[in-house]
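Overview (structure and organization)
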Amino acid sequence: MNESEKREKQEFLIKFSKSSSVSAFRKICSKILRKSRCAFLDAEYKPVKCGGECDHLKLGKYLAKLKSNPLREYMLFKCNCNKICLSFPIIQGSSVYGHVLFIHLNKEPRKTVMDSVRICMDLVLKEFQKERELNKLYETIRPRAIALSTIHTIHRLLSSTLNMDELIERIARLTLQVMRSRYCSIMLLDESKKYLIPKAVINLDEEIPKTSPQYKKIRLGVKLEGRVAKTGKAVLSRNSVCVPLVEEDIIGVISARDKTNDAPFDKFELEILITLAEQAVIAVKNAQMYEEQEKRAYGSIKTLAALLDSKSPNTFTHSDQFVKMVLAIAEEMKLPREDIANLHYSALLPDTGKFSIPDEILKKPGSLSSTEYDIIKKQHLESLKIIEHLEFLKPAIPIIRHHHERYDGAGYPDGLKGRAIPVGARVMAVANAFEAMVSARPYKGKKISISQAIKEIEKNKGTQFDPEAVDAFIETTKKPEFKNMLGASA
Amino acid sequence: MKTVKNLFKNEAVRKILLFFNENPNCIDTAKGISLWISWDINIIQKALNQLVEDGIITSHQTASTTAYAYTNNKEIVKKIEKHVKSML
């Protein structure tokens, strides 16, 4: 029997002697065999410590007999003090793992009793085997299943954002969490593919400002991160682990350093980081594609705005300040990112609806006649057809269409009321009215001061304007950025 | 924060802490955690909220998912680890 075999049998026997099924077996047998005590011998006939063993293990002749001719059946014998004992071999497969002894029996048991104990013993062994299998599964499969579930959760967390800054920060935080490390950095290759640019560096012990050396770009091949990005091979060392972000080509690296419990990183953790990097790279690629798409969309809208502006300056588009104000109110209201993006598109083209309104009505000073007002309402809808073919502008159309609605239902084109008006339109209505009051639009009435305009907006809260949007607007005006937002009008 | 001993008096909290002590790398939803420790999800959710407030569990939130992970605070982790060992 070699060393590992010996160790395996010993381990088996120790666990077996301490298992719950054996403890029940011992109790039953002590009743069947009348107050006998129980002990275990290993395959080399040495006593196994199992907590409740008998110290009377001077087995004398029995041991000599057993050693010279190992029996595979139960055996009755007399110990050194001439008392009756019974032994059963513990057999697994074809080998004997040890022996269970019942010591100092009151009298010699009948064969039927011994057979019952033997059957009982076999059942206990089978039960114990099942227990072992289950434990093995628990020890090997459960951690992997938990790791898999973790990766799945990470995938869900990463795929829920397309904002690159938010995404990179999230990847870094999740890496710290999963790796149990104090430091993590995410670097992406620049366009020249010669440098790694740190996008997020987190140290749990101190905040790292973007101006710190940790945020300096690294040349490919230099330092651990540079080497990993160059070779595309993950590196595991005692205190750090660094893996490449690979999607066809290498796009960057994730590295983690210094475990919170000061233990070394192991292969299992490297495996987890590689899997996390695989999830991260998909999310980063999606965010990059979304950014590019967004840039293209803004480009198209700006071109359209410039075209409209060339027909009649400042009629169909508003100032940059207006756009900033719309976005500031939306941020204050904590609108979802997607809604804010659509609001941004709408704010760039707020008055596309005026496109087919005749100039004499559009630029008429003072109030409009009911016929002129009807023309405006009709043409407003007609004009929106210009942009409805642009797929990415579709979610913005309801905002543009309804930003002349009033909260009390007295607006146009559909007379929508309260929350039936899209939230973006409610926000834009406030910013639009404010801008009209404080700027000198040729077709509007007299320009009024900023404080008067704010009071006017507040006065119409709940009637013309959504109270929530007005509150957010008032909050925005209290912020220091408000003056910058107003630019020349301030 | 309650003392570790007091925290362990709540059965759901005890199960969550034992789970994270054994699997500190895990990040999972309340549903996932309740499955791993075979406990009612509503009770687990309540216990997780409490542990987040106490700074023992970190939550990662997005619009559609809230995931929970063990704190990276070395001192807290050590205290819990010590208590778990003393229970054995």
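So, here is what we can say about the structure in this document. (Residues numbered from 1 in each chain as written. Chains lettered and ligands numbered in written order. Predicted model: local features only at pLDDT ≥ 70, side-chain atom pairs only at ≥ 80, totals over all residues. Heavy atoms only, no water.)

1. Quick notes on the environment of L148 of chain A
Residues and elements named next belong to chain A. Defined as follows: Under the scheme used here, helices are H or I runs from DSSP no shorter than 4 residues and strands are E runs no shorter than 2 residues, and both carry numbers assigned from the N terminus. In this scheme, a residue with accessible area under 20% of its type's maximum is buried, one over 50% is exposed, and one in between is partly exposed, where area comes from a 1.4 Å probe on protein chains only.
When you line up the elements, L148 lands in helix 4 (residues 111-158). The class of L148 is exposed, set by a relative accessible area of 62%. Residues L148 and I272 lie 124 residues apart in sequence; the distance between their C-alpha atoms is 8.9 Å.

2. Some thoughts on the interface of chain A and chain B
Quick note on the threshold: Contacts were defined at the residue level, with two residues in contact if any of their heavy atoms lie within 4.5 Å. Defined here as a combined quantity, buried area equals the accessible surface (1.4 Å probe) lost by two parts on assembly, summed across both. Whenever Lys or Arg places a side-chain nitrogen within 4 Å of a carboxyl oxygen from Asp or Glu, that contact is recorded as a salt bridge. Whenever a nitrogen or oxygen atom comes within 3.5 Å of another N or O atom, the pair is scored as a polar contact, on the condition that within protein one atom can donate a hydrogen and the other can accept it, and that pairs from neighbouring residues in sequence are kept only if both atoms are in side chains.
The interface is formed by 24 residues belonging to chain A together with 23 residues belonging to chain B. Taken together, the two surfaces of chain A and chain B that pack against each other cover about 2,000 Å², and 52% of this comes from carbon and sulfur. Taken as a group, I146, Q177 and R180 of chain A account for 30% of the area that chain A buries against chain B, more than any other trio of residues on that side. Joining chain A to chain B, the criterion identifies one salt bridge. Residue K74 of chain B pairs with D262 of chain A through a salt bridge whose shortest N-O separation is 3.1 Å. Viewed at the interface, chain B and chain A are joined by 13 residue pairs in polar contact (both at pLDDT 80 or more). Breaking the side of chain A that touches chain B down by element, the ones donating at least two residues are helix 4, helix 5 (164-179) and strand 5 (181-189) of chain A.

3. Some points on the sheet that holds strand 3 (residues 66-70) of chain B
Heads up, the rule is: Between any two strands, pairing holds if DSSP finds at least two bridges. A fitted line through C-alpha atoms serves as each axis, taken over the contacting stretch for helices, and the angle formed by two N-to-C directions is quoted from 0 to 180°.
One open sheet holds the three strands; their spatial order is 1-3-2 (chain B), and the pairing between them is antiparallel. Bordering the open sheet on either side are strand 1 (27-29) and strand 2 (57-61) of chain B, each of which pairs with just one other strand. Here the average twist between neighbouring strands, direction ignored, is 35 degrees. The strands touched by helix 4 of chain A within the sheet are strand 1, strand 2 and strand 3 of chain B, with strand 1 of chain B carrying the most contacts at an inclination of about 75 degrees. The strands that helix 5 of chain A touches are strand 1, strand 2 and strand 3 of chain B; relative to strand 2 of chain B, the one it contacts most, it runs at about 150 degrees.

4. Things to note about the pattern of salt bridges
If you walk through the whole model with that rule in mind, you get 21 salt bridges over all chains. Here E475 of chain A ties to K478 of chain A by a salt bridge, and the two come within 3.3 Å at their closest N and O atoms. A residue is classified by how much of its surface remains accessible, and E475 of chain A, at 36% relative accessible area, is partly exposed. Through salt bridges with shared partners, a single network forms among R182, D205 and D262 of chain A together with K74 of chain B.

5. Looking at unusual backbone geometry
Apart from glycine, the bulk of residues carry a negative phi angle, and the bulk of peptide bonds sit in the trans form. Residues and elements named next belong to chain A. Omega for the peptide link from Y412 to P413 comes to 10 degrees, which places this bond in the cis form. Counting through the fold element by element, P413 comes out in the loop between helix 12 (397-402) and helix 13 (423-438). The backbone of K193 shows a phi angle near 65 degrees, a positive value even though the residue is not glycine. Within the secondary structure, K193 sits in the loop between strand 5 and strand 6 (195-203). Within the chain, K334 stands out as a residue other than glycine whose phi angle is a positive 55 degrees. Within the secondary structure layout, K334 lies in the loop between helix 8 (320-332) and helix 9 (337-348). K334 gets classed as exposed once you look at its relative accessible area, which sits at 71%.

6. What about helix 4 of chain A?
We count it as follows: Every helix has an expected span of 1.5 Å times one less than the residues it contains. The quantity called bend is, for any residue, the angle between two axes fitted respectively to the seven residues ending at it and the seven beginning at it.
The end-to-end C-alpha distance of helix 4 of chain A is 69 Å, a good match for the 70 Å that 48 residues give at a rise of 1.5 Å each. The largest bend in helix 4 of chain A amounts to roughly 35 degrees and is located at I141 of chain A, with the proline P143 of chain A lying one to four residues further along.

7. Side note on the side chain of R426 of chain A
Secondary-structure assignment places R426 of chain A in helix 13. Not counting the four nearest positions on each side in its chain, R426 of chain A is found in contact with Y407, G418, R419, I421, D466 and A469 of chain A.

8. Topic: the nonpolar core
Nonpolar side chains tend to gather and get buried jointly when the protein is soluble and globular. Definition in use: Remark: nonpolar core denotes a set of buried residues (Ala, Val, Leu, Ile, Met, Phe, Trp, Tyr, Cys) joined through side-chain atoms within 4.5 Å.
By size, the foremost hydrophobic cluster in this structure holds 51 residues, and its most contacted members are I329, L349, F434, I457 and F473 of chain A. Counting residues per element, the ones that place at least two in this core are helix 7 (267-311), helix 8, helix 9, helix 12, helix 13, helix 14 (450-459), helix 15 (467-477) and helix 16 (481-486) of chain A. Examining the composition of this core, we find that 10 residues originate from one element, helix 13 of chain A, more than from any other. If we skip the residues at most four places from it in the chain, I457 of chain A touches V430, A433, F434, M437, F465, V470 and F473 of chain A. Counting 39 residues, the second largest nonpolar core, distinct from the first, contains I202, L270 and L276 of chain A together with I27 of chain B.

Interpretation note: all reported values are geometric properties and have no functional meaning in isolation.
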